[in-house]
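# Observations on the three-dimensional arrangement
Here are the chains, one letter per residue:
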Amino acid sequence: SRDMMHFEVSLADHCNLSCQMCDHYSQLSEKWFVDMEQFEKDMVRMGELFGHQLAYISLLGGEPTLHPQIARCVEITRREFPECELIILTNGVKLLELEHSPYGNLWEVCRKCDVHITVTVYPIGIDYDGIEKKAREYGVSVAMSSDIHAAEGTKAVKISDKHTMDLGGNVDKFYCVNCLYFNKFNVLKDGRYYMCPVEAHCNIFNRAFRQNLEIRSGDCLDIYAVKSWEELAEFSSNYIPFCSYCDLKKWGHYGPWKPSSRKIEEYIEV
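Rules and cut-offs
Residues numbered from 1 in each chain as written. Predicted model: local features only at pLDDT ≥ 70, side-chain atom pairs only at ≥ 80, totals over all residues. Heavy atoms only, no water. Helix = DSSP H or I, 4+ residues; strand = E, 2+ residues; numbered from the N terminus. Polar contact = N/O pair within 3.5 Å; in protein donor to acceptor, adjacent residues only side chain to side chain. Contact = heavy atoms within 4.5 Å. Phe/Tyr/Trp six-rings, centres within 6.5 Å; stacked < 30°, edge-to-face > 60°. Buried < 20%, exposed > 50% of the residue type's maximum accessible area, 1.4 Å probe, protein only. Lys NZ or Arg CZ within 6 Å of the ring centre and 35° of its normal.

## Side note on the side chain of Lys 94
Secondary-structure assignment places Lys 94 in the loop between strand S3 (85–90) and helix H3 (106–112). A polar contact of 3.1 Å, which involves the side chain of Lys 94, links it to the side chain of Glu 97. Setting aside chain neighbours within four positions, we find Lys 94 in contact with Asn 16, Thr 65 and Leu 66.

## Considerations on the packing of aromatic side chains
Applying the stated rule across the entire model yields 14 aromatic pairs. Here the aromatic rings of Phe 205 and Tyr 267 are separated by 5.9 Å at their centres, their planes lie at 85°, and the arrangement is edge-to-face. A residue pair is termed long-range when its members are at least 10 positions apart, and Phe 205 in helix H6 (residues 202–209) and Tyr 267 in the segment after strand S10 (252–256) qualify at 62 residues. You'll find Phe 205 and Tyr 267 in the same group, each marked buried. In this arrangement the basic side chain of Lys 41 is found over the ring face of Tyr 224, its NZ or CZ atom lying 4.7 Å from the centre. In this structure, Lys 189 packs its charged tip against the face of Trp 32, placed 4.3 Å from the ring centre.

## Thoughts on unusual backbone geometry
Positive phi outside glycine occurs at His 52, with the angle close to 65°. Structurally, His 52 is set in the loop between helix H1 (36–50) and strand S2 (56–61). Judged by its relative accessible area of 35%, His 52 is partly exposed. In the Ramachandran plot, Arg 210 falls in the positive-phi region, its phi being about 55° despite a non-glycine side chain. Residue placement: Arg 210 occurs in the loop between H6 and strand S9 (220–222).

By themselves, these figures tell us nothing about what the structure is for.
Here's what the structure looks like:
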């Protein structure tokens, strides 16, 4: 049902961190922001398709707080989906300074629009305590992905996952049902609905490494061509041709987080 469905939107493809094995390829991306006119048009359309009801929407990236108009993106999303859970997934680097953005106070907008902020904790010097304090001040729900109250909170162990690709596209169909993303992390991008972020951002991978992972017929839907949310549900619960590039039997935890080498070896079997 609609109450179990959700999708994510990248507000920026690039990032202010450079993490090895990022599955959105943001450390490899050129600077890219979602176009505001396109974003609003797409959200209006998704609101129509879903009757303005679904479980949750995630605004992420790359790093979503890099988008100068993130507050406006939040307001548009909340207007079209008044009751869904609305999440900003961020590394937290810019959160505190966005209280005084020239485009408005993000914290106040998050309070007004009932946004949940989810901060991924990295072993770098970010003021996580300050973020929690600011969240309390505004009455905004903030979740951290590790315990910042430990003796050395900012030295959290963040694990990198390696999502190995088969560049020849020879992976058997049945593997897709075991995928971390299958029917769970659908992506809305520039009027199209994708199965997952690996597929939706493969243009970045292709450009960075001079590869040709193809988006073929059946790999995504045009949201202006479908007639109902049921078509989106049907799409996301079936194998797509792009799944043949993901070598799922070789996916798994790789080791502690570190900055990216920006080499293809982070994504293929060596």
